[in-house]
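Residues per chain, in single letters:
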Amino acid sequence: MRIEEAKDLLNSIPRVSIGFFPTPLQRLDSLSEEYGVEFFMKRDDLSGPEFGGNKIRKLEYLLADAVREGCDHVFTFGAHQSNHARETAAACRKCGLQPVLYLTKLGNASGSEEILGNLLLDHVLGADVHCVSPAPGLSAYEAVVHSQAAASEHAARLERSGHRCYMVPVGGFNPTGCLGFAAGLVELIAQARDIGAEPDYIMLATGSGGTLAGMLAGKRLLGAHADVLGFSVDAEPDGKKQTIAETATNTLALLDICDRIDPREVFIDSSYYGEGYEIPSRESTSALLEVARREGIILDPVYTAKAMAGTLDYIRTGKIASGKTVVFWHTGGTPATFAEPEIAGVCDAI
Ligand SMILES: *Cc1c(COP(=O)(O)O)cnc(C)c1O
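Report on the accompanying structure. (Residues numbered from 1 in each chain as written. Predicted model: local features only at pLDDT ≥ 70, side-chain atom pairs only at ≥ 80, totals over all residues. Heavy atoms only, no water.)

Going through the model one piece at a time under the given rule, you end up with six aromatic pairs. Between Phe75 and Tyr102, the aromatic rings sit 6.2 Å apart at their centres with planes inclined by 15°, giving stacked as the arrangement. Taken together, the residues span a long stretch of sequence, with Phe75 in strand β3 (residues 73–79) and Tyr102 in strand β4 (residues 98–104) at a distance of 27 residues. For Tyr102, a relative accessible area of 5% gives the class buried. Connected via pairs of aromatic rings, a cluster forms that spans Phe231, Tyr272 and Tyr314. Lying across the ring of Tyr303, Lys55 places its NZ or CZ 5.8 Å from the centre. (Phe/Tyr/Trp six-rings, centres within 6.5 Å; stacked < 30°, edge-to-face > 60°. Helix = DSSP H or I, 4+ residues; strand = E, 2+ residues; numbered from the N terminus. Buried < 20%, exposed > 50% of the residue type's maximum accessible area, 1.4 Å probe, protein only. Lys NZ or Arg CZ within 6 Å of the ring centre and 35° of its normal.)

Our focus in this paragraph is the site of the ligand. In the neighbourhood of the ligand, 15 residues make up the surrounding shell, with Lys55, Lys58, Ser208, Thr211 and Thr331 lying closest. Here an oxygen atom of the ligand sits 3.1 Å away from a polar atom, N or O, in the side chain of Lys55. With respect to the ligand, the backbone of Gly209 contributes an N or O atom lying 2.9 Å from an oxygen atom. Protein coverage of the free-state accessible area of the ligand, which is 380 Å², stands at 97%. When each cavity is represented as a set of grid points, the ligand is found to reside in the largest cavity. Listing elements by their share of the shell around the ligand, those giving two or more residues are α3 (55–68), β7 (201–206) and α9 (210–222). A class-by-class count of the residues in the shell around the ligand yields two nonpolar, 11 polar and two charged. (Near = heavy atom within 4 Å. Polar contact = N/O pair within 3.5 Å; in protein donor to acceptor, adjacent residues only side chain to side chain. Areas by Shrake-Rupley, 256 points an atom, 1.4 Å probe, with all protein chains shown as cover. 1 Å grid on protein atoms, 1.4 Å probe; cavity = no way out; pocket = protein on both sides within 12 Å on 5 of 7 lines; lining within 4 Å. Sits in = over half its atoms within 2 Å of the grid points. Nonpolar A, V, L, I, M, F, W, Y, C, P; charged D, E, K, R; others polar.)

Right under this line is the structure:
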């Protein structure tokens, strides 16, 4: 499908305008020279409406759905320092909706009780914030999913008193949300072609998997050749590739495209998250500092620094050959940098 056709198709589904798109596609001159690749960064950390991030693209479709259903409250879930929850709160305010956040205290970092970073912004935005303790023995992602039970009871109470509630899943990970990244992929390819470039690789951090699923749907729409590689920020639960492939397939179905994405098309590398979610590794801290000092761009420690550690390693070890065009997708997360020195991981290095 041609780019214009894909854009028209994606615009045929209701969407509210929340962010600033297209986000910049910036060439990383110093890193390109150092590593011998054509290195670009897609700056979704600048997607707005405040500190940006990748969830804004998904929320443009999800909140349009909430408005269409006549909802007045929007629930979502995440870790204490969730970017997704903060982006949902801001996006809700722009649409006149009340955000309700169920946030799980993961307790990896000592300062997690403090109202800083994303959590501070949640309160500034007037979100109804509920902090829940994780059930023992669950991974970060599973613990967050678990908090949905308490939220469902809360929503049921609100509905009995005449409100209408909309549930945005963890990370905005469902076919409606993923439409945002099908559109994101199309936006990137259009921008790249405008400057005569065609990405060979698109590198990103993967949490819920929604961003990756959406991009695979967008790639299929255009028949683009770029390899899309996700770097996991936590242990990968069983069946994750299957879920991502199914969600990408269902995203295409929303566009009336009956194509199937196979789990073998989903590439996730889980070797760069270190000890776990929100725990910086030596490699991620070093990648964060290298990008800051060479390009003046701040990565976030939880997601993008780990994906950059993987990306730089792929280039250094020749998994990505020299001369290739590599787009690193900056998915945001800036406010987490201001939350806790332990999360930022840079204290020993500065
Ligand atoms: C949520 C998030 C991701 C992961 O996106 P998914 O769609 O959940 O895989 C990556 N980077 C940042 C900064 C995020 O907030």
